[in-house]
Amino acid sequence: MDIRTRIVGLLIAAIIVALAARRLRLPYTVGLVIAGAGLAMTRLQTGALLTHDLIFDLILPPLLFDAALCIHWQELRRDLAIVLTLATLGVVVSATVVAAGMVRLLGWPLEAACVFGVLIAATDPVSVIALFKDVGIGGRVRFLVESESLLNDGVAAVLFTLVLAWTQVGGMPTVEHSALRFAFVVGGGIAVGLGSGVAAILVAGRTDDHLVETALSAVAAYESFYLAEYLHCSGVLATVCAGLAMGNLGLLRTDDRGLLSVQGRAAVEGFWEFAAFLANSFVFLLIGLAVADIQLVRLGPAVFATIIALVLVGRAATVYPLCALFRWSRMAVPLAEQHVLWWGGLRGALALALALALPPDMARHGDILIATFGVVVFSVVVQGLTMPPLLRWLGLR
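Owing to the predicted nature of the structure, the values given are computational and were not obtained by experimental measurement. (Residues numbered from 1 in each chain as written. Predicted model: local features only at pLDDT ≥ 70, side-chain atom pairs only at ≥ 80, totals over all residues. Heavy atoms only, no water.)

Another point: the overall build of the protein chain. In terms of regular secondary structure, the protein chain is built from 17 helices and zero strands. Relative to its full complement of 397 residues, the protein chain shows a buried share of 52%. Within the protein chain, counting contacts between residues at least 6 apart in sequence, those at least 24 apart form 82% of the total. (Helix = DSSP H or I, 4+ residues; strand = E, 2+ residues; numbered from the N terminus. Buried < 20%, exposed > 50% of the residue type's maximum accessible area, 1.4 Å probe, protein only. Contact = heavy atoms within 4.5 Å.)

Laid out in structure tokens, this is it:
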């Protein structure tokens, strides 16, 4: 079976799942994982392989760019303090809780526990956002879930790089060195992303050809990611910032000062919606297919239950205490929306990409990979399936 047949086969499977999921009123991404697992159980040789390079080089950029395109700067500025708090301090809190639990309860080495804690702190609420679209949930709760996850991904990826370097070099790095490295990776990613997005939108503003405008958006999404990674900066943050720049200077502007033509805005929006659909379809189908090759039973049900509980507790320790800091401000988050932020903090593509990037000789390498796959599958299937009743119970549907 050649690569063309495999791609077409997976695309056909994604279309069938999309139609069935809508008819059965299931979250689309949940259906994809289940379908992928079903295909794996049939021992059908698809030849598909979920790798770090596939996720990082092809799948992440369109997912990040598509989500960032739709975030209004006015909304982000209004809730910037709480979003940044959740996406920065929240990642540290979640990673600390998980790592401490892995060491104390499961006896993992500190280095392996810290690596797993950081990579699993990266939330990926793609399936929740898709669900919000299906049931008509919008407003501030959807904005908080989406914007926090975008920045959270960038911070988690940066911290993962720093923690992994610490485990390989040995010895605790100085606070000054860590701070400078963090500032360079984050600041460089933001600068590359904003520069790429602004450059692309300025060039697009000189033409009314919607095909050229769409092509420029694709160049900005991938070029910003690859350039930032080449410079050892954050490619995730670069693509997010490029999407924010192009969205707020072009796609979201409906007045005469927008730098995209009317036809160009429609073309760009449609293109990235389709690109995100393809990326989601392939990554979640491949997650399901990979389940058959991952020895999930190796860790045992008790260990798995402990890991999942730690991840949920870590997310709760992030959402509720940090939201409480803003309780008396204009950025206060109602308790019902905090529940959505907690349960909707799914794990997905980025956590898997980081786990797949670990060196094979690292302590507990196999256990980290298995635990990550297990948490992602639980997150997408169990949390994804229970989100609709949770929204109804909270009165948010």
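Having seen the model, we can carry on.
Aromatic ring pairs are described here by two measures, namely the spacing of the ring centres and the angle between the planes. In this structure the tally under the stated criterion is eight aromatic pairs. Judged by centre distance (5.2 Å) and plane angle (55°), the ring pair of tryptophan 342 and tryptophan 343 falls under tilted. Overall, tryptophan 342 belongs to the partly exposed group, its relative accessible area being 23%. The structure contains a cluster of three or more aromatic residues connected by ring pairs, namely Phe56, Tyr222, Phe225 and Tyr226. (Phe/Tyr/Trp six-rings, centres within 6.5 Å; stacked < 30°, edge-to-face > 60°.)

You can see arginine 315 is positioned in helix α14 (residues 301-324). At 2.9 Å, the side chain of arginine 315 forms a polar contact with the backbone oxygen of leucine 341. Each residue touching arginine 315, except ones within four places of it in the same chain, is listed here: Ser94, Thr123, Glu148, Asn152, Leu341, Trp342, Gly345 and Arg347. (Polar contact = N/O pair within 3.5 Å; in protein donor to acceptor, adjacent residues only side chain to side chain.)

On the surface, a cluster of nonpolar side chains totalling about 280 Å² of accessible area is made up of Val198, Leu202, Leu249 and Leu259. Secondary-structure assignment places leucine 249 in helix α12 (residues 235-251). (Patch = residues over 30% accessible without salt bridge, like charges linked within 9 Å, V, L, I, M, F, W, Y side chains within 5 Å. Areas by Shrake-Rupley, 256 points an atom, 1.4 Å probe, with all protein chains shown as cover. Salt bridge = Lys/Arg side-chain N within 4 Å of Asp/Glu carboxyl O.)

It is worth spelling out the nonpolar core at this point. Ile82, Phe116, Leu119 and Ile287 are the most contacted members of the largest nonpolar core, which has 114 residues in total. Ranked by size, the runner-up nonpolar core spans 15 residues in total, among them Ala200, Ala204, Ala242 and Leu251. (Core = buried A, V, L, I, M, F, W, Y, C linked by side-chain atoms within 4.5 Å.)

Moving on to the pattern of salt bridges. Applying the stated criterion across every chain, the model contains four salt bridges. One salt bridge connects arginine 78 with aspartate 79, and the closest N-O pair in it is separated by 3.2 Å. Judged by its relative accessible area of 36%, arginine 78 is partly exposed. The exposure class assigned to aspartate 79 is buried, which follows from its relative accessible area of 1%. Taking the shortest distance from any N to any O, the salt bridge between arginine 140 and aspartate 79 comes out at 2.9 Å. Linking arginine 140 in helix α9 (residues 139-169) with aspartate 79 in the loop between α4 (73-78) and α5 (80-87), this pair joins segments that are 61 residues apart in sequence. When salt bridges that share partners are traced, they join Arg78, Asp79 and Arg140 into one network.

For the rest of this paragraph, the subject is the packing of helix α3 (residues 52-69) against helix α11 (residues 210-230). Contact geometry for α3 and α11: axes closest at 10 Å, N-to-C directions at 125°. In terms of their interaxial angle, α3 and α11 are classed as oblique. With respect to the hand of their crossing, α3 and α11 are arranged in right-handed fashion. Here Phe56, Asp57, Leu58, Pro61, Pro62 and Phe65 of α3 come into contact with α11, specifically with Ser217, Ala221, Tyr222, Phe225, Tyr226 and Glu229. Among the residues forming the contact of α3 with α11, the class breakdown is nine nonpolar, one polar and two charged. (Axes fitted to C-alpha atoms, helices over the stretch in contact; angles between N-to-C directions. Parallel < 35°, antiparallel > 145°, perpendicular 65-115°, else oblique. Left-handed = near helix turned anticlockwise from the far one by under 90°. Nonpolar A, V, L, I, M, F, W, Y, C, P; charged D, E, K, R; others polar.)

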